[in-house]
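The chain contents come next:
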Amino acid sequence: MMSSADTNAFQFRSGTLADAELLAELGWRTFYETFAAYNRPEDMAAFRPTMYTPELQTEELCDPETAFVIVEVQEQAVAYVKLNAGKAPDEIRGQKPLQISRLYILHEWTGKGLGDRLMQLCLERARKNGHDVVWLTVWEHNQRAMRFYHKYHFEEAGELTFILGQDVQRDLYMQRQV
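Computed from a prediction, not measured in an experiment: that's the story for all the values here.

Procedures and definitions
- Residues numbered from 1 in each chain as written.
- Predicted model: local features only at pLDDT ≥ 70, side-chain atom pairs only at ≥ 80, totals over all residues.
- Heavy atoms only, no water.
- Helix = DSSP H or I, 4+ residues; strand = E, 2+ residues; numbered from the N terminus.
- Buried < 20%, exposed > 50% of the residue type's maximum accessible area, 1.4 Å probe, protein only.
- Phe/Tyr/Trp six-rings, centres within 6.5 Å; stacked < 30°, edge-to-face > 60°.
- pLDDT = per-residue confidence, 0-100.
- Contact = heavy atoms within 4.5 Å.
- Pairing = 2+ DSSP bridges.
- Axes fitted to C-alpha atoms, helices over the stretch in contact; angles between N-to-C directions.

Caption draft 1: Layout of the environment of valine 178. On the secondary structure map, valine 178 appears in the segment after strand 7 (167-177). Taking relative accessible area as the criterion, valine 178 reaches 35% and is therefore assigned partly exposed. For the pair valine 178 and lysine 112, spaced 66 residues apart in the sequence, the C-alpha separation amounts to 25 Å.

Caption draft 2: Inspection of the packing of aromatic side chains at higher detail. Under the definition given, this model contains 18 aromatic pairs. On the numbers, 4.8 Å between centres and 50° between planes, the contact of phenylalanine 31 with phenylalanine 35 is tilted. Placement of the pair is phenylalanine 31 and phenylalanine 35 together in helix 1 (residues 20-35), with a separation of four residues, close to one helical turn. Note on phenylalanine 31: relative accessible area 6%, which makes it buried. Taken together through their ring pairs, the aromatic side chains of Trp28, Phe31, Tyr32, Phe35, Tyr38, Phe47, Tyr52, Phe68, Tyr80, Tyr104, Trp139 and Phe162 make up a single cluster.

Caption draft 3: Structural view of the confidence of the model for the protein. Averaged over all residues, the pLDDT of the protein is 95; the fraction at 70 or higher stands at 96%. For residues 1-5, every residue scores under 50 in pLDDT, and the model assigns this stretch five contacts once sequence neighbours within four places are set aside.

Caption draft 4: Seen up close, the environment of alanine 85. Within the element layout of this structure, alanine 85 appears in the loop between strand 3 (76-84) and strand 4 (97-105). When its relative accessible area of 33% is taken as the criterion, alanine 85 is described as partly exposed.

Caption draft 5: Expanded view of the sheet that holds strand 5 (residues 133-139). Strand order in the open sheet formed by seven strands is 1-2-3-4-5-7-6, with mixed pairing between adjacent strands. Whereas interior strands pair on both sides, the edge strands pair on one side only; in this sheet they are strand 1 (10-14) and strand 6 (155-164). Along the sheet, successive strands turn relative to each other by an average axial angle of 25°, direction set aside. Pairing of strand 3 with strand 4 involves six bridges; the strand directions are antiparallel. Considered in strand 4, the bridge of valine 81 is made with leucine 103. Each of strand 2 (66-73), strand 3 and strand 4 touches helix 3 (residues 54-62); the most contacted strand, strand 2, lies at about 115° to it.

Here you go:
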């Protein structure tokens, strides 16, 4: 466990166009670490180019309604969060929603308080920018993530289909008021 002094090693910065390749690699690595054990290798391989390429990250970085916050330790990226201020699905109740689209932390950095720091950053940004609801999606079998979101008072608000390669999965919408 890191001491409180060690948590000062976390450096937070905004993502820029120069980070497209870094976000593609870090996004894929964290996704793979989290979900590879629960999914077929061919489904994982088919999914990667649909979400984690430098070209797709460039598009996301250029979107004025999207923001990335990258966390580094000794100039090495260890986590990031992607926020979207655009339109939410009908299941989300709010006038000005903010989506936590990705809250990704490398496995070796989980359990060190970084998830809490990132969630607090997201909620503070939502308050500061006048959002009335924060929402996200989570795989129905990702119990660790769901426990974390419940700790921050997120509640289920509906469900959606998530396609991973050839596998059709069920994700949940979760939301909380700001």
